[in-house]
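Residue-level structural notes
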Amino acid sequence: MASLVLPSPTSSSTSTAPSSASSSSSSIFCGRRSLAAKPLSAANAPYAVKCEITQPLNGRPCVPIINDQVLPKFLQSKRLQKAVDRNETRLKIFSGTANPALSQEIAWYMGLNLGKVNIKRFADGEIYVQLQESVRGCDVFLVQATCPPANENLMELLVMIDACRRASAKNITATQGRESIAAKLVANLITEAGADRVLACDLHSGQSMGYFDIPVDHVYCQPVILDYLASKEVSSNDLVVVSPDVGGVARARAFAKKLSDAPLAIVDKRRHGHNVAEVMNLIGDVKGKVAVMVDDMIDTAGTIAKGAALLHDEGAREVYACCTHAVFSPPAVERLSSGLFQEVIVTNTIPAIEKNYFPQLTVLSVANLLGETIWRVHDDCSVSSIFQ
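Residues numbered from 1 in each chain as written. Predicted model: local features only at pLDDT ≥ 70, side-chain atom pairs only at ≥ 80, totals over all residues. Heavy atoms only, no water.

**Some words on the sheet that holds strand E8 (residues 171-176)**
Here we have five strands laid out as an open sheet, ordered E4-E7-E8-E9-E10, and parallel in their pairing. What marks the edges here is a single partner per strand, and that holds for strand E4 (91-95) and strand E10 (216-219). Neighbour-to-neighbour, the strand axes of this sheet turn through a mean angle of 20°, independent of strand direction. Looking at chain direction, E4 and strand E7 (residues 139-143) are connected through five bridges and run parallel. Paired with leucine 91 across the strands is aspartate 139, a residue of E7. The strands touched by helix H8 (residues 367-378) within the sheet are E4, E7, strand E9 (197-201) and E10, with E9 carrying the most contacts at an inclination of about 155°. (Pairing = 2+ DSSP bridges. Helix = DSSP H or I, 4+ residues; strand = E, 2+ residues; numbered from the N terminus. Axes fitted to C-alpha atoms, helices over the stretch in contact; angles between N-to-C directions. Contact = heavy atoms within 4.5 Å.)

Quick look at the structure:
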């Protein structure tokens, strides 16, 4: 058995079972950047941490880094209070090629080295995976994002799972960023490939967990964004959390409750007939307030941009956009950088590419959160208590 999370590939060392499959893919989680940064919530906000901000990445987006000496309460771990004996632990983390930076950050947080694996593609696009260290009897976590190119990254993940299973891993855990449209089919593929458990980050639909016949831990990335917002110098009386559509009300309500119990507003879209443009109405009061729009992902940014324009029309002082998965399909960057948003806050579940950088973008790392979740799964401890 083995555990899958989606780290980045590396190579060298003892070889174990190679696997291959046609269709490309890869993905990873790495880096040690983390949660909070510039200040945005009230002084009595529940999540306040001391943080530092690194130099802008490649000269563009600001990437907040948590101070190594100060961890948020929800990430306090006994594991951090003692050195990990790397020779004794039976836990191994391997990264796919989708998001290697995040994978490395997760490994740093956990005090481990990424497992050595050789991932390559033949001339015809077939994927080849060879583990370069023994995983026999180990608890294996594979870190791989199913971000674009989604099909290739998914196939890479499946081949990695198969390689670990053939190499006699004790348990295999896979981590996904978001579910695909064919969520049930993907669930079946991951299960049949040999995964024993799945860690999923902010699924678009919580019901997707029911598609799996193996245990699924749903990792909510809200605490990362909340820590960042809590460090901003804005009175709780000036805040309002906004759902960009009716379908996201439950998510926005939970977010508002943790953000100093801020009031809630909803953007209601209605189409009154065929071939008639949709009409957007606002439920709630945002006049003179700092509006924080919350969603699980931003793809083309059409919905959230139209919602932000409506909030400005209704008198909002500033508008912030927050999401976990920054897909940013064209023309998302153009819409998000048009001046509607004071700041666009996302996480690194999907790696940011340079062409998608713009001045208002802030990228927060979920590495510490995922690292802590992996330790708890490995130690058979509660995962849900992290988010309470």
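**Here's the deal with the packing of helix H2 (residues 150-166) against helix H3 (residues 183-193)**
As a packed pair, H2 and H3 sit with axes 8 Å apart at the nearest point and diverge in direction by 25°. As judged from the angle between their axes, H2 and H3 are roughly parallel. Contacts from Leu154, Leu157, Leu158, Ile161, Asp162 and Arg165 of H2 reach H3 at Val186, Leu189, Ile190 and Ala193. Class assignment for the residues of the contact of H2 with H3 results in eight nonpolar, no polar and two charged. (Parallel < 35°, antiparallel > 145°, perpendicular 65-115°, else oblique. Nonpolar A, V, L, I, M, F, W, Y, C, P; charged D, E, K, R; others polar.)

**Examining the sheet that holds strand E12 (residues 264-270)**
Taken together, the seven strands give an open sheet; going across it, the order is E13-E12-E11-E14-E15-E16-E17, and neighbouring strands pair in mixed fashion. Both outer strands of the open sheet, strand E13 (279-283) and strand E17 (361-364), are each paired with one neighbouring strand and no more. For this sheet, the mean angle separating the axes of adjacent strands, direction not counted, is 25°. Pairing between strand E14 (residues 290-298) and strand E15 (residues 318-326): eight bridges, direction parallel. For valine 290, the partnering residue across the bridge sits in E15 and is glutamate 318.

**So, helix H4 (residues 222-230)**
Residues separated by three or four positions in an α-helix point in the same direction, a consequence of the helix having 3.6 residues per turn. Among the nine residues in H4, nine count as buried, and that is most of the element. Inspection of H4 places Gln222, Pro223, Val224, Ile225, Leu226, Asp227, Tyr228, Leu229 and Ala230 among the buried residues, and these make up the whole buried set. (Buried < 20%, exposed > 50% of the residue type's maximum accessible area, 1.4 Å probe, protein only.)

**Remarks on unusual backbone geometry**
Cis geometry marks the peptide bond from proline 148 to proline 149, where omega comes out at -5°. Note on placement: proline 149 falls in the loop between E7 and H2. Looking along the chain, the bond that leaves proline 330 and enters proline 331 is cis, with omega of 5°. Turning to its location among the elements, proline 331 is positioned in the loop between E15 and helix H7 (332-336). The phi angle at aspartate 202 is positive, at roughly 40°, despite the residue not being glycine.

**Describing the nonpolar core**
Formed by 45 residues in total, the largest nonpolar core has its most connected members in Ile93, Ile106, Met110, Leu229 and Phe255. Take this core: its biggest share by element is six residues, from H8. In terms of domain composition, this core takes at least three residues from each of domain 1 (91-219) and domain 2 (223-364). In terms of nonpolar packing, the next biggest core, distinct from the first, is built from 33 residues, Leu142, Ala195, Ile214 and Val216 among them. (Core = buried A, V, L, I, M, F, W, Y, C linked by side-chain atoms within 4.5 Å. Domains from an automatic or database assignment.)

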